[in-house]
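Observations on the three-dimensional arrangement
Now for the letters of each chain:
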2 protein chains.
Amino acid sequence: MFVIVAYDIVEQKLLNRTRRILKKYLTWTQNSVFEGEITEGKLHKCISEVEKVINKDEDSLYIYEVKNPKNIRKVSYGVHKNFDDMFL
Amino acid sequence: MFVIVAYDIVEQKLLNRTRRILKKYLTWTQNSVFEGEITEGKLHKCISEVEKVINKDEDSLYIYEVKNPKNIRKVSYGVHKNFDDMFL
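Residues numbered from 1 in each chain as written. Chains lettered and ligands numbered in written order. Predicted model: local features only at pLDDT ≥ 70, side-chain atom pairs only at ≥ 80, totals over all residues. Heavy atoms only, no water.

If you look chain A up in an unreviewed UniProt entry, it shows as CRISPR-associated endoribonuclease Cas2 from Asaccharospora irregularis DSM 2635. What the UniProt record of chain A gives under Cofactor (unreviewed entry) is the line "Mg(2+)". (UniProt positions renumbered as here; feature names shortened; annotations may be inferred.)

Take a look at the structure:
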């Protein structure tokens, strides 16, 4: 399936840790967004890792799941940044 | 259709202006994310307004479109913030 993961994480240390986990599974496409194709099993694993890191009282994580990638269309405006090379 | 709009906008002034436009059409659900159901006509109008504001050399805007909202599932972790009341 195709997923978009968007997050708001307050503490920089937890933010970096979350990004390090997400990077193992998905592509970093915007400052606060990862996306990509992933199996249900891997997504489950990814979420359970992230859940252990974030502060549930102040952080938020949204996962948008689309079973069939054909059902989602992405249109971009402006620059295309590549965050994947960014050091964490 | 259902859309998710995610943005990275460098200058605070342009960021506020972009958010003011997006607020007219969609729901502000995360610091850098708006979402909601919208007609193609309104989305077109919204994008053309935003395109006039952002700096295409340093900002980025991603629009994920899902024709049938039944094809997308959203799962949230942590806090649910409401940005819609935030003053811009």
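1. Some words on the overall build of chain A
When its secondary structure is counted, chain A shows 2 helices and 5 strands. In sequence order, chain A lays out its α and β elements as β-α-β-β-α-β-β. The C-alpha atoms of chain A give a radius of gyration of 13 Å, which matches the 12 Å a tight globule of 88 residues would have. Seen along its three principal axes, the alpha-carbon backbone of chain A occupies a region of about 35 × 30 × 20 Å. For chain A, buried positions account for 52% of its 88 residues. On chain A, roughly 4600 Å² of surface is accessible, and the fraction owed to carbon and sulfur atoms is 49%. With 15 positive and 13 negative side-chain charges, chain A shows a spacing of 5 Å between the two charge centroids. (Helix = DSSP H or I, 4+ residues; strand = E, 2+ residues; numbered from the N terminus. Rg over C-alpha atoms; globule rule 2.2 N^0.38 Å. Buried < 20%, exposed > 50% of the residue type's maximum accessible area, 1.4 Å probe, protein only. Areas by Shrake-Rupley, 256 points an atom, 1.4 Å probe, with all protein chains shown as cover. Lys, Arg positive; Asp, Glu negative; His and termini not counted. Charge placed at Lys NZ, Arg CZ, Asp CG, Glu CD.)

2. So, the packing of aromatic side chains
Two numbers describe a pair of aromatic rings. These are the distance of the centres and the angle of the planes. On inspection of all chains with the given rule, the structure shows 6 aromatic pairs over all chains. Judged by centre distance (6.5 Å) and plane angle (85°), the ring pair of Tyr62(A) and Tyr64(A) falls under edge-to-face. What makes Tyr62(A) buried here is its relative accessible area of 3%. For Tyr64(A), a relative accessible area of 0% puts it in the buried group. Cation over ring: Lys74(A) sits above Tyr62(B), and NZ or CZ is 3.9 Å from the ring centre. (Phe/Tyr/Trp six-rings, centres within 6.5 Å; stacked < 30°, edge-to-face > 60°. Lys NZ or Arg CZ within 6 Å of the ring centre and 35° of its normal.)

3. Details of the UniProt feature "binding site: Mg(2+)" (unreviewed entry) in chain A
Taken from the UniProt record, the annotation "binding site: Mg(2+)" (unreviewed entry) applies to Asp8(A). Inspection of the secondary structure assignment puts Asp8(A) in strand 1 (residues 2-8). Judged by its relative accessible area of 8%, Asp8(A) is buried. Contact partners of Asp8(A), with chain neighbours within four places excluded, come to Glu58(A), Asp59(A), Ser60(A), Gln30(B), Asn31(B), Lys81(B) and Phe83(B). (Contact = heavy atoms within 4.5 Å.)

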